[in-house]
Amino acid sequence: MNLSKFFKNAFLVMLACLVLSACATKKVQNQMQGDVYTGTDTVEYLASGVPDRVFFATNESVLTTASRDTLRKQAEWLRKNSKVNVVLEGHADERGTREYNLALGERRANAAKDYLMTYGISGNRISVISYGKERPVDSGSNPLAWSKNRRSVTVKAN
Amino acid sequence: MIKKITLSLIILLLGTVQLYALIEVDITRGNLDPLPVAVSPLSSDKNTDDELSKDLKIKQIGYKISEVVENNLKNSGLFNPLNKDAFLQKPDIAHLKPRFEDWSLIKAQALITGKVTLKDEKLRVEFRLWDVLAAKEMMALAFTTVPSNWRRIGHIITDKVYERLTGEKGYFDTRIIYVSEDGPKTKRIKKLAIMDQDGSNTKYLTLGNELVLTPRFNPTNQMVTYLSYFRNLPRVYLLDIETGVQEVVGDFPGMTFAPRFSPDGKKIIMSFAMDGNSDIYTMDLENRIVDRITNHPSIDTSPSYSPDGKYICFNSDRSGYQQIYVMGKDGTNVKRISFGKGLYGTPVWSPRGDLIAFTKLHKGKFYIGVMRTDGSGERLLTENYYQEAPSWSPNGRVLIFYRETKTDSEGKGFSAKLWSIDLTGYNERMVTTESDASDPSWSSLLSN
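Asks: So what's going on with the pattern of salt bridges? Which residues, and what values?
Replies: The tally for this structure, following the rule as stated, stands at 35 salt bridges over all chains. Note that Lys73 of chain A and Asp69 of chain A form a salt bridge whose closest N and O atoms lie 3.5 Å from each other. Taken as a pair, Lys73 of chain A and Asp69 of chain A lie in helix 2 (residues 65–80) at a separation of 4 residues, close to a single helical turn. With a shortest N-O distance of 2.6 Å, Arg292 of chain B and Asp279 of chain B are connected by a salt bridge. Placement of the pair is Arg292 of chain B in strand 17 (residues 290–292) and Asp279 of chain B in strand 16 (residues 277–284), with a sequence separation of 13 residues. Its relative accessible area of 42% is what places Arg292 of chain B among the partly exposed residues. One salt-bridge network, in which partners are shared between bridges, spans Arg98 and Glu134 of chain A together with Glu181, Arg188, Lys190, Lys417, Asp436 and Asp439 of chain B.

Here it is, written out as structure tokens:
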């Protein structure tokens, strides 16, 4: 009796462990698609429903579907707030040489700028700065942290 | 800002007989058997010691200079300085006439002796290098300088000894400029710092108010070029480390970065990024004329001249990924030279002209390596979690670079340190700095 109860408990504990660990891995997976960050932990908002940043794959500056969606929301918000100028801050993860990452950050921020401009936002309202790998948001040394750091952030300039 | 270095160097040849020496050090291969050398404390009379301990607050200056020499020789990996406790002969007598039997008894093959005197507020240091087995003087020199330069005397003595025993110029009377780092990884405070090659005499050249990166020495003088985010405009700057005067180089309508001097020190070569594209440009420092060197929709960065100024190696992702390329100084004849597995960055041409040092990223590891200028003979010297940006010692025998540590699961434990390694792949060691450090650049020899 006692023994079977013990096994039953042990089984439950094991089951709980399995479920929990599955959740944990699922959570990480849910925050990345390929190696592009899709979570919201680090995201801030320019206005309600207008995320301030887009994320990139390793060594890439191509905008993902989700990034384009975010940038269209930013463009709409910028059209409504025609007096606001923005700075696009381009960043890279820590897994590259400093100088190349500066160039890569600049390329990423410009990819975002170009997209905003195709939605009618004047280039005069957008400036670009690259921080390369100098300003990570997540100090971790793992793929998830790196994915959060490969980003272009739209910041109000005035 | 930085005290002007006035080292009036008077070399007196004290009747040196340049006989063929028995001892010599081969620096072309890893030296697993460093040469045992005895560095006798330099002798100084009581009057000199008293005066100097008053002025410089340094006791036993002769002993201190010998420690500088000893430390340099040890760090080179080519010499094994013997414990002073085993020395039998007094410094002043050894300097006049070493009893070679005593020195060979403790297995010394070379012996360095010297003498320090203070005269008219000038420090006069003489030293001799002896071949213990041949029982002969190999070299004798004397220097006169202001007392505060006493450490440099130690470095110059090391350079002379190194050159005499290896047949190549030394790299000890040199300085390292680097970026001093502080604070959390997400918000590093960075300052330009300069120190002697052995880590002493650290001075900070900026206050940390703005982000500064990648300082590089002018090979011909004490000017430095670097990237500063002053007023949030990342631009290449020029800094005179003697006067502290800083100026922006060129009024570009976008970020300029990755600067280096041309070998004659008259131009700065750098990347200019605009509209998502980085190309390589040069600026003549005299007439401020800007030349575009590359014109390609890919990222072109990290340019570095060959020592004769005829070629430029650089980093480009025009093939899809970061690789190393070489071209003529005017941008013609672009040739890819890196073909190994992985990504290649930060190429930097050796001062001897025959090699290019680089950073390589392969399967999640970072390597510092060298290859010949046509890309052949790739040799990886060291592997680590993260390391990059090698800079050559002026004699092309040692590379200094920086390393960053992996953080733990909580994102803690980040640090950045300077490391050096011999071209042979031996003698890898951490270079001590007051704070965390990155982006080192090695100066030329200060005296010649």
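Asks: Help me get a handle on the interface of chain B and chain A, residues and values and all.
Replies: The interface of chain B with chain A comprises 49 residues on the first partner and 27 residues on the second. Across the chain B/chain A interface, buried area totals approximately 3000 Å², and carbon plus sulfur atoms make up 50% of it. It is Lys185, Thr186 and Ile299 of chain B in chain B that bury the most area against chain A; as a group they hold 18% of the surface buried on that side. Summed over the shared surface of chain B and chain A, the result is 6 salt bridges. Between Glu404 of chain B and Lys133 of chain A there is a salt bridge, with its nearest N and O atoms 3.0 Å apart. Connecting chain B to chain A are 27 residue pairs in polar contact (both at pLDDT 80 or more).

Asks: Describe the sheet that holds strand 13 (residues 246–248) of chain B, with residues and values.
Replies: Ordered by their spatial adjacency, 4 strands build an open sheet running 10-11-12-13 (chain B), and the pairing between neighbours is antiparallel. Across the chains shown, the open sheet's two edge strands, defined by having one partner strand only, are strand 10 (212–217) and strand 13 of chain B. Each strand axis lies, on average, 25° off the axis of its neighbour in the sheet, ignoring direction. The pairing of strand 12 (residues 235–240) of chain B with strand 13 of chain B spans 3 bridges and is antiparallel. Counterpart to Tyr237 of chain B in the pairing with strand 13 of chain B is Val248 of chain B. In this fold helix 3 (residues 98–118) of chain A packs onto strand 10 and strand 11 (223–228) of chain B, with an angle of close to 135° to the strand it touches most, strand 10 of chain B.

Asks: Describe the nonpolar core, listing the residues and the values that go with them.
Replies: For soluble globular proteins, nonpolar side chains are generally found buried alongside one another. Membership of the largest hydrophobic core comes to 52 residues, with the highest contact counts inside it found for Ile65, Ile112, Ile157 and Leu418 of chain B. Among the elements that line this core, the one with the most residues is helix 5 (residues 150–166) of chain B, at 7 residues. Residue-level mapping places this core at the junction of two domains, with at least three residues from each of domain 1 (35–166) and domain 2 (175–442) of chain B. Of all hydrophobic cores here, the second largest spans 19 residues; its members include Leu46, Phe56, Trp77 and Ile121 of chain A.

Asks: Pulling in residues and values, what's your account of the sheet that holds strand 15 (residues 267–274) of chain B?
Replies: Residue and element names in this part refer to chain B. With respect to topology, 4 strands assemble into an open sheet ordered 14-15-16-17, the strand pairing being antiparallel. Each having just a single partner strand, strand 14 (255–261) and strand 17 make up the two edges of the open sheet. Strand-to-strand twist in this sheet, taken as the mean axis angle between neighbours without regard to direction, amounts to 30°. Here strand 15 runs beside strand 16; their pairing, made up of 8 bridges, is antiparallel.

Asks: Pulling in residues and values, what's your account of the layout of surface pockets?
Replies: Vacant regions in the atomic arrangement are exposed by a probe of water-molecule size rolled over the atoms. All names here are of chain B. Of the pockets and cavities examined, the largest pocket occupies roughly 540 Å³. Taken together, the elements giving at least two residues each to the lining of the largest pocket come down to strand 10, strand 14, strand 18 (300–305), strand 22 (343–349), strand 26 (387–392) and strand 30 (436–442). Considering only residue class, the lining of the largest pocket consists of 12 nonpolar, 10 polar and 2 charged.

Asks: Account for the packing of helix 2 (residues 61–76) of chain B against helix 5 of chain B, naming residues and giving values.
Replies: Residues and elements named next belong to chain B. With their axes 8 Å apart at the nearest point, helix 2 and helix 5 run at an angle of 45° to one another. Our classification of the angle between helix 2 and helix 5 gives oblique. In this structure, helix 2 crosses over helix 5, and the sense of that crossing is right-handed. For the pair helix 2 and helix 5, the contacting residues are Ile61, Lys64, Ile65, Val68, Val69, Asn72 and Leu73 in the first and Trp150, Arg151, Ile153, Gly154, His155, Ile157, Thr158 and Val161 in the second. Tallied by class, the residues present in the contact of helix 2 with helix 5 amount to 9 nonpolar, 4 polar and 2 charged.

Asks: Tell me about the pairing of strand 12 of chain B, and please be specific about residues and values.
Replies: Residues and elements named next belong to chain B. Buried residues dominate strand 12, accounting for 5 of its 6 residues. Bridge analysis of strand 11 against strand 12 gives 6 bridges, and the strand direction is antiparallel. Within strand 12, the position partnered with Met223 by the bridge is Asp240. Remark: 6 residues form the turn of the hairpin made by strand 11 and strand 12, two consecutive strands paired antiparallel; Arg231 in that turn has positive phi of roughly 55°. Between the end of strand 12 and the start of strand 13, which pair antiparallel, lie 5 residues, with Gly244 showing a positive phi angle near 80°.

Asks: Tell me about the pairing of strand 4 (residues 110–119) of chain B, and name the residues and values.
Replies: It is a general feature of regular strands that their side chains alternate between the two faces of the sheet. All names here are of chain B. Of all 10 residues in strand 4, 7 are buried; the element is thus mostly enclosed. Sheet topology places strand 1 (residues 35–39) next to strand 4; 3 bridges connect them, and they run parallel. What sits directly across from Val37, in strand 4, is Ala110. Alignment of strand 2 (residues 43–44) against strand 4, held across 2 bridges, turns out to be parallel.

Asks: Account for helix 5 of chain B, with residues named and values stated.
Replies: All names here are of chain B. Between its first and last C-alpha atoms helix 5 spans 24 Å; for 17 residues at 1.5 Å apiece the expected length is 24 Å, and the two agree. Along helix 5, 15 of the 17 residues are buried, which leaves the element largely enclosed by surrounding structure. Remark: Gly167 follows helix 5 within two positions and exhibits a positive phi of approximately 80°.

Asks: Quick one: what's the story with unusual backbone geometry, residue by residue and with numbers?
Replies: Residue and element names in this part refer to chain B. The phi torsion at Glu121 lies on the positive side, around 60°, for a residue other than glycine. Relative to the helices and strands, Glu121 is located in the loop between strand 4 and strand 5 (122–131). Accessibility expressed as a relative area gives 67% for Glu121, which makes it exposed. Backbone geometry at Thr214 places phi at a positive 45°, although glycine is not the residue there. With respect to the helices, strands and loops of the structure, Thr214 is situated in strand 10.

Asks: How would you explain the confidence of the model for chain B if you had to name every residue and give the values?
Replies: A residue-level look at chain B finds 93% of positions with pLDDT of 70 or above and a mean pLDDT of 92. A low-confidence stretch, residues 1–21 of chain B (pLDDT under 50), is modelled with 56 contacts involving residues beyond four sequence positions or located in other chains.

What counts and how
- Counting of residues starts from 1 at the beginning of each chain's written sequence and follows it residue by residue.
- The naming scheme follows written order: chains are lettered A onward, ligands numbered 1 onward.
- Reporting of local features is limited, given that this is a predicted model, to residues whose pLDDT is at least 70; pairs of side-chain atoms are given and counted only at 80 or more, and all residues count toward the totals for whole chains, interfaces and linings.
- Only heavy atoms go into the side-chain values, all of them from the structure, while hydrogens and water stay out.
- Any Lys or Arg side-chain nitrogen located within 4 Å of an Asp or Glu carboxyl oxygen qualifies as a salt bridge.
- Going along the chain from the N terminus, every DSSP run of H or I of four or more residues is numbered as a helix, and every run of E of two or more is numbered as a strand.
- For each residue, the accessible area found with a 1.4 Å probe, counting protein chains only, is set against the maximum for its type, and the residue is called buried under 20%, exposed over 50%, and partly exposed in between.
- Residues are treated as being in contact if the distance between any of their heavy atoms lies within 4.5 Å.
- Summed over both partners, the accessible surface that disappears when two parts come together, traced with a 1.4 Å probe, is what is meant by buried area.
- We define a polar contact as two N or O atoms separated by no more than 3.5 Å, with the added condition that, inside protein, one atom must be a possible hydrogen donor and the other a possible acceptor, whereas residues neighbouring each other in sequence contribute only through side-chain atom pairs.
- Pairing between strands requires that DSSP locate at least two bridges from one strand to the other.
- Between N-to-C directions, angles cover 0 to 180 degrees, with each direction set by a line fitted to C-alpha atoms, over the stretch in contact for helices.
- In this text, buried Ala, Val, Leu, Ile, Met, Phe, Trp, Tyr and Cys residues form a nonpolar core when linked through side-chain atoms within 4.5 Å.
- Residue ranges for the domains originate in an automatic or database domain assignment.
- Using a 1 Å grid laid over the protein atoms alone, points where a 1.4 Å probe fits but cannot get out form a cavity; open sets with protein on both sides within 12 Å along at least 5 of 7 lines form a pocket; any residue with an atom within 4 Å of a point counts as lining.
- Grid points are joined across faces, edges and corners, and a volume is the space filled by probe spheres set on the points.
- Residues are grouped as follows: Ala, Val, Leu, Ile, Met, Phe, Trp, Tyr, Cys and Pro are nonpolar; Asp, Glu, Lys and Arg are charged; every other residue, Gly included, is polar.
- Working definition: roughly parallel below 35 degrees, roughly antiparallel above 145 degrees, roughly perpendicular at 65 to 115 degrees, and oblique for all remaining angles.
- Each crossing gets its handedness from the near helix: less than a right angle anticlockwise from the far helix is left-handed, clockwise is right-handed.
- Expected helix span is computed as 1.5 Å times (number of residues minus one).
- By definition, pLDDT measures how confident the predictor is in each residue, and it falls between 0 and 100.

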